[in-house]
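Results of the structural survey
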Amino acid sequence: MVVKMAAVPEPPSEGATPAATAAPAPASAPAPVPIPVPVPSPAPVPAASPAPAPSPSPSPSPTLAVKAEAVESPGAGAGAGPGGGPGVGAGAAAAPTAPAAPGTGTGTELSERHTLLAVLQFLKKNRFREAEETLRREASVQEGLDETLRAAGPRGSDSAHQPDVSSVLSAYSNQGDPSLYEEYYCGLKAFIEAALDALKAELASLLYPVFVHLYLELVYNEHEREARLFFHRYHGDQEGYYHDDLRVLAGLSKKEHMQGNETVLDFRTSKFVLRISRDSYQCLKRHLQEQHNNQIWNIVQEHLFIDVFDGMPRSKQQIELTSGGMAGEAKREANKTKVFFGLLKEPEIELPLDDEDEEGENEEGKPKKKKPKKDSLGAKSKKQDPNAPQLNRIPLPELKDSDKLDKIMIMKEATKRVKLGPDCLPSICFYTFLNAYQGLTAVDFTDDSSLIAGGFADSTVRVWSATPKKLRSVKGATDLSLIDKESEDVLERIMDEKSACEFKMLLGHGGPVYGTSFSPDRNYLLSSSEDGTVRLWSLQTFTCLVGYKGHNYPVWDTQFSPYGYYFISGGHDRVARLWVTDHYQPLRIFSGHLSDVTCTIFHPNSNYVATGSADRTIRLWDVLNGNCVRILTGHKGPIHSLAFSPSGRYLASGATDGRVLLWDIGHGLLVGELNGHTDTVYSLKFSRDGEILASGSMDHTVKMWDTVKAFEDLETDDFSTATGHINLADNSQELLLGSYMTKSTPVIGLHFTRRNLLLAAGAYNPQ
């Protein structure tokens, strides 16, 4: 039986109006039940978050340490990049028996030459002609050797800051015969096809980075015809998830196109990571030595990071699970840092008895009977999680009296929470935005489910009350001065009844609003926009308090910390920034992604931040020191949604590939894959007890997944992090508890109430 709630649209002139429809899920049968959406009025709605485009100007891209073989030769001179990014190698650590690249010397000699060249360039640029000539004479360097020195410079010495374009592109100046490039590639391809079946899948992952760098070398050396033919013939050999990157490379047909191009800088400054077994690596090295194929070997040494492990080679299915990132897989070293994923110890708060309890006690005359039940709630919070960080690891705001009252309310609500499971699915209340001709791009709910905020493409933010209580603003200064500040109901008296209405419109942004986030205490609202700013709004006065300016380009997402005070933002400039509400400058800048930071979220203990990016990777950052402590690869498209489990141990992610991936944060491993959506997954949310994961997609469906079953068979002690062998059962249909389709409404917002009712939101989109 389907119960319809209030669903009366306001006239189009008054803007988008959320209308709610409720669809209780059946208690026993998990068969799909459609959610009726009574929306007769058509209104086109753009995507909830636009697909990030390539940034119009270069942005910092930290380099990865140079290693030819991770096991045998550790990278030299590793240092910390900005925001805790990966370090920078001082020189390439070549394999012991590798053929040397022509025209190169030892690492020390190359470093000295590069330093000398840099000094000479500085003197020449600043017209210190006499000093330049003296240095050239003493160092026996002629002007004609500048390009030779540049070509012989150390390939792995790019700084973590924006690299110099000329020195970056010089990596491609040491060219061979252009007519032989096709022969090099075909020879490598034939070698891989003739290799043992056990090694073939690992060696095949070498084709894509080699293809890219051979093509870029041809373009840089102005062999346009050969480059065009080479690309046309062999781009079809590459995996489908690289086609977006190849589409960008196809536009680089001239040397001039490479100047300042971010994609080229990404390929040059970020080593493509390949994780292969020792057997595969030795087979590859032996082949290149026998063929004297210096061209391929130079690419392997200069542009690839081969992470060698001992053990059996991985199968094609195992490789595909973690491949797809713009820079290949994550290095094993990147996920070895200890992560404190446990929850912080809750403060001890005495839970007062409510009116119903007092009546029961008076009648029975035995008030002590109910006290043990109340004390048991507090007992849970007194246990210290062994995986939790120290309470003082990062400074957190002190609890105010209002916060303590809210904690008490949460505890009371928890006693009435519905226990969810395969036989007891939550009811769904769907809020459909009618007449949303402004273009709904973001939705958020308060923790107590009393307010809904929507961000729109017309640069406005709208806030609705989800309860019968209307929204009111604080009175003016003159009226406030007449109020008795000592009265008990002063908080009620300061509100202006004349201003009461069902929704408030917030004006101030200069472009579409892509992200909204309520503070835990419901006093503030954050919004991020295309105008490059994050704004903090007061929900008492419904005015803008602060505009945070730090991003240079559109800000795709912003999120408050679970404890308030801190918030995170991510944008088109490829970095995430950590802020606090009382400072207009960011506290941390998390730099490391190779493309737009499309979604952000705080860990439940507020000590970590997770970011998803258009480079198809997820990174976990430590708020304390700004270091990147996890790099998770496996998605085949830009990531648009993240959600932590209530326990803090697991992370769910959704992307344009329609897949939902489950990650173990403690080990940094992929532990589950949920297939079922046919379009971008824009929203994810765990139930309050963590037993169900809800996912919302642009395919107009809400799906529910059994996370208890997904996580119950995991044996963390047996995780083979040393080799990366991951075997996932294809059990998506077994884990799918229900699929609920709207009439024609993309799902861009999900929220579980404190009693485990599922709220969903989206804007009607006529076909």
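Look a little higher up for the structure.
Here's a quick rundown of the structure.

Analysis parameters
- Residues numbered from 1 in each chain as written.
- Predicted model: local features only at pLDDT ≥ 70, side-chain atom pairs only at ≥ 80, totals over all residues.
- Heavy atoms only, no water.
- Helix = DSSP H or I, 4+ residues; strand = E, 2+ residues; numbered from the N terminus.
- Buried < 20%, exposed > 50% of the residue type's maximum accessible area, 1.4 Å probe, protein only.
- Areas by Shrake-Rupley, 256 points an atom, 1.4 Å probe, with all protein chains shown as cover.
- Phe/Tyr/Trp six-rings, centres within 6.5 Å; stacked < 30°, edge-to-face > 60°.
- Axes fitted to C-alpha atoms, helices over the stretch in contact; angles between N-to-C directions.
- Parallel < 35°, antiparallel > 145°, perpendicular 65-115°, else oblique.
- Left-handed = near helix turned anticlockwise from the far one by under 90°.
- Contact = heavy atoms within 4.5 Å.
- Salt bridge = Lys/Arg side-chain N within 4 Å of Asp/Glu carboxyl O.
- Pairing = 2+ DSSP bridges.
- Nonpolar A, V, L, I, M, F, W, Y, C, P; charged D, E, K, R; others polar.
- Core = buried A, V, L, I, M, F, W, Y, C linked by side-chain atoms within 4.5 Å.

Re the overall build of the protein chain
- Tallying secondary structure elements over the protein chain gives 21 helices and 32 strands in all.
- Counting the 767 residues in the protein chain, one finds 55% classified as buried.
- Counting every atom, the protein chain has about 33200 Å² of accessible surface; 53% of that belongs to carbon and sulfur.

As for the packing of aromatic side chains
- Per the counting criterion, the structure on display carries 25 aromatic pairs.
- Relative to Phe231, the ring of Phe211 has its centre 5.7 Å away and its plane inclined at 40°; by these criteria the two rings are tilted. Of the two residues, Phe211 sits in helix H7 (residues 207–220) while Phe231 sits in helix H8 (residues 224–234), which places them 20 residues apart along the sequence. Judged on exposure class, the residue Phe211 and its partner Phe231 are both buried.

Quick notes on the side chain of Thr322
- With respect to the helices, strands and loops of the structure, Thr322 is situated in helix H14 (residues 316–322).
- A relative accessible area of 9% places Thr322 in the buried class.

Brief notes about the packing of H7 against H8
- The N-to-C vectors of H7 and H8 enclose an angle of 160°; their axes lie 8 Å apart at closest approach. Taken together, the axis directions place H7 and H8 in an arrangement best described as roughly antiparallel. Crossing handedness for the pair H7 and H8: left-handed. Where H7 approaches H8, its residues Phe211, Leu214, Tyr215, Leu218 and Val219 are matched on the opposing element by Glu226, Ala227, Phe230, Phe231 and Tyr234.

Section: the pattern of salt bridges
- Applying the stated criterion to the full structure yields 29 salt bridges.
- Note that Asp664 and Arg649 form a salt bridge whose closest N and O atoms lie 3.3 Å from each other. Note that Asp664 is positioned in strand E25 (residues 660–664) and Arg649 in the loop between strand E23 (639–644) and strand E24 (650–655), a separation of 15 residues in sequence.
- Using a relative accessible area of 1% as the deciding quantity, one classes Asp664 as buried.
- Salt-bridge contacts for Asp657 lead to Arg659; the nearest nitrogen and oxygen are separated by 3.1 Å.
- Among the charged side chains, a salt-bridge network with shared partners connects Asp406, Asp447, Asp448, Arg522, Arg688 and Arg754.

Regarding the sheet that holds strand E15 (residues 555–560)
- Spatially, E15-E16-E17-E18 is the arrangement adopted by the 4 strands of the open sheet, whose pairing is antiparallel. The strands lining the two open edges of the sheet, one partner per strand, are E15 and strand E18 (588–591). Looking at each pair of strands side by side, their axes are set apart by 20° on average, direction ignored.
- Bridging between strand E16 (residues 566–571) and strand E17 (residues 575–580) involves 5 bridges; their strand directions are antiparallel. Bridging from a neighbouring strand, Phe567 pairs with Trp579 of E17.

Considerations on the pairing of strand E20 (residues 608–613)
- With respect to burial, E20 is a largely interior element, 6 of its 6 residues being buried.
- Alternating residues of E20 divide into Tyr608, Ala610 and Gly612 and Val609, Thr611 and Ser613, and every residue in both groups is buried.
- As defined by bridge partners, strand E19 (residues 597–602) adjoins E20 across 5 bridges and the pair is classed as antiparallel. Bridge pairing in E20 links Phe602 to Val609.
- The turn joining E19 and E20, which pair antiparallel and follow one another in sequence, is formed by 5 residues; a positive phi near 65° is taken by Ser606.
- Across 5 bridges, E20 lies against strand E21 (residues 617–622) in antiparallel orientation. Across the sheet, Val609 pairs through a bridge with Trp621, a residue of E21.
- Hairpin connection between E20 and E21: a loop of 3 residues separates the two successive antiparallel strands, and Arg616 in this loop has a positive phi of roughly 70°.

Observations regarding the packing of helix H5 (residues 181–194) against H8
- Taken N-terminus to C-terminus, the directions of H5 and H8 make an angle of 20°; their axes are 10 Å apart at the nearest point. In terms of orientation, H5 lies roughly parallel with respect to H8. As for the relative orientation of H5 and H8, their crossing is right-handed in sense. For the pair formed by H5 and H8, the contact residues are Tyr181, Glu182, Tyr185 and Cys186 on the first element and Phe230, Arg233 and Tyr234 on the second.
- Counted by class, the contact of H5 with H8 contains 5 nonpolar, no polar and 2 charged residues.

Here we look at unusual backbone geometry
- Backbone geometry at Arg616 places phi at a positive 70°, although glycine is not the residue there.
- Within the secondary structure layout, Arg616 lies in the loop between E20 and E21.
- When its relative accessible area of 4% is taken as the criterion, Arg616 is described as buried.
- Despite not being glycine, His700 has its phi angle at roughly 70°, a positive value.
- According to the relative accessible area criterion, His700 is buried, its value standing at 14%.

So, the nonpolar core
- Counting residues in each nonpolar core, the largest one holds 47 residues, and the members touching the most others are Leu188, Leu216 and Leu249.
- For this core, the element with the most residues is H7, which contributes 11 residues.
- Filtering out sequence-adjacent residues up to four positions away, Leu188 remains in contact with Leu206, Leu207, Val210, Leu284 and Ile296.
- Listed in part, the 22 residues of the second largest apolar core include Val629, Ile639, Leu651 and Leu669.

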